[in-house]
Amino acid sequence: MDVFGLIGNPVGHSLSPPMHEAAYDDLGLEARYVTFEPASDEIEDAIRGADALGVRGLNVTIPFKRDVLELVDADELAARIGAVNTIDFSGDAPTGHNTDAAGALRALRDHDVDLEGADAVIVGAGGAGRAISFGLADAGGTVTIANRTESTARELADEVPGASERGLENLADPLADADVLVNATSVGMEEDATPVPADALHGDLAVMDAVYRPLETRLLRDAAAAGATTVDGAWMLLYQGVEAFELWTGREAPVAAMNEALRSRL
Ligand code: NAP
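Procedures and definitions
Residues numbered from 1 in each chain as written. Predicted model: local features only at pLDDT ≥ 70, side-chain atom pairs only at ≥ 80, totals over all residues. Heavy atoms only, no water. Domains from an automatic or database assignment. Contact = heavy atoms within 4.5 Å. Buried area = accessible area lost by both parts, 1.4 Å probe. Salt bridge = Lys/Arg side-chain N within 4 Å of Asp/Glu carboxyl O. Polar contact = N/O pair within 3.5 Å; in protein donor to acceptor, adjacent residues only side chain to side chain. Helix = DSSP H or I, 4+ residues; strand = E, 2+ residues; numbered from the N terminus. 1 Å grid on protein atoms, 1.4 Å probe; cavity = no way out; pocket = protein on both sides within 12 Å on 5 of 7 lines; lining within 4 Å. Points joined across faces, edges and corners; volume = space filled by probe spheres on them. Nonpolar A, V, L, I, M, F, W, Y, C, P; charged D, E, K, R; others polar.

Participant: I tried to follow the domain arrangement of the chain on my own but got confused; where do I start?
Facilitator: The extent of an interface is frequently quoted as the accessible surface area lost upon association of the parts. Taken domain by domain, the chain holds domain 1 (2-98 + 236-263) and domain 2 (111-231). The distance between the C-alpha centroids of domain 1 and domain 2 comes to 26 Å. Counting residues at the interface gives 9 residues for domain 1, matched by 11 residues for domain 2. Counting each side, the surface lost to burial between domain 1 and domain 2 is near 890 Å², with a carbon and sulfur contribution of 63%. Of all residues in domain 1, the largest losses of buried area upon contact with domain 2 belong to Arg-80, Ile-81 and Met-236, amounting jointly to 61% of the total for that side. One can count 1 salt bridge joining domain 1 with domain 2. In this structure, Asp-138 engages Arg-80 in a salt bridge whose closest nitrogen and oxygen atoms are separated by 2.7 Å. Between the two partners, domain 1 and domain 2, sit 4 residue pairs in polar contact (both at pLDDT 80 or more). Among the secondary structure elements, those contributing two or more residues to the side of domain 1 that touches domain 2 are helix H3 (76-81) and helix H9 (233-249). Ranked by residues supplied to the side of domain 1 that touches domain 2, first place goes to H3 with 3 residues.

Structure (structure tokens):
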């Protein structure tokens, strides 16, 4: 029996267990996906313990994504993003990866969004904004990072090749010629709010929201009304899990089964 899991605090409402177990069921794998909730000063012991016990892989969520960077051999992309969301224990030492970036790219490509040469506006410069900004720049896009705290956007833009930064005012200006807009803030999760005014949206945009509760955010409703292509946050959540599954098992993930398990719970 192979053991995979999620380490974070809290992890009680996570959708990763049903999503990954749907994949094991679909492929007939003898595996389980369990959640672990260590205290914040126990994370190092937890990672060492998981390694010693033969856990095959762990996803990592809030508040440990940055801490884990120092506790494993992080790959180059995870090091640039500054966060690990997936640990692989199959080698001599645990390795750290960030599948949020590839997950966001796969979510967009799945909706026929061409990323090579795309002009992209990323709203938000926290963990998700960092992963998506590096991912889109690596895929050949040009990134504008817009953040409430402009100094955070500036720090990120200094690290992402070709990127520029701004605050959240006058977003219609960079969006006028943009191909892609991503909301990587938590705005839209708690209340029916959007970080981007509806009149800044247009039909040539692909709009992805990282927020997946609710699935249809106000931003995505406004985007659909403007004739834009819309990509909800469950696609990114799905594909970051798909990427982790494929990294751990070396097998092609049963995407449809994982997607059904996820969406039936949202
Ligand atoms: P984070 O590191 O805490 O960053 C939060 C970001 O939201 C920052 O840029 C922050 O701006 C901005 N923000 C927060 N409240 C705001 C407000 N009222 N107005 C304007 N901006 C505001 O969080 P995170 O991990 O990046 O997560 C962000 C969102 O993405 C969450 O909803 C999370 O659930 C979602 N997410 C989804 C996936 C997925 O797979 N679909 C993966 C990761 C994250 P300041 O810098 O100014 O504070």
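Structure shown, so let's carry the discussion forward.
Participant: What should I look at first to understand the layout of surface pockets in this one?
Facilitator: In this approach a probe as big as a water molecule rolls over the atoms, and the regions it shows empty are the leftover space. A volume near 1200 Å³ is recorded for the largest pocket. Lining the largest pocket we find 36 residues, and of these Thr-61, Ile-62, Lys-65, Tyr-212 and Leu-237 sit closest to its centre. Among the elements of the structure, helix H1 (16-27), strand E3 (57-60), helix H5 (127-138) and H9 are those that each provide at least two residues to the lining of the largest pocket. If one sorts the elements of the lining of the largest pocket by residue count, H9 sits on top with 4 residues. Looking at side-chain class alone, the lining of the largest pocket contains 18 nonpolar, 13 polar and 5 charged residues. When residues of the lining of the largest pocket are assigned to domains, at least three map to each of domain 1 (2-98 + 236-263) and domain 2 (111-231). Within this model, the second largest pocket holds a volume of roughly 220 Å³. If you go around the second largest pocket, the residues you meet are Gly-124, Ala-125, Gly-126, Asn-147, Arg-148, Thr-149, Leu-168, Ala-184, Thr-185, Ser-186, Val-187 and Pro-195. In the lining of the second largest pocket, the residues fall into 5 nonpolar, 6 polar and 1 charged.

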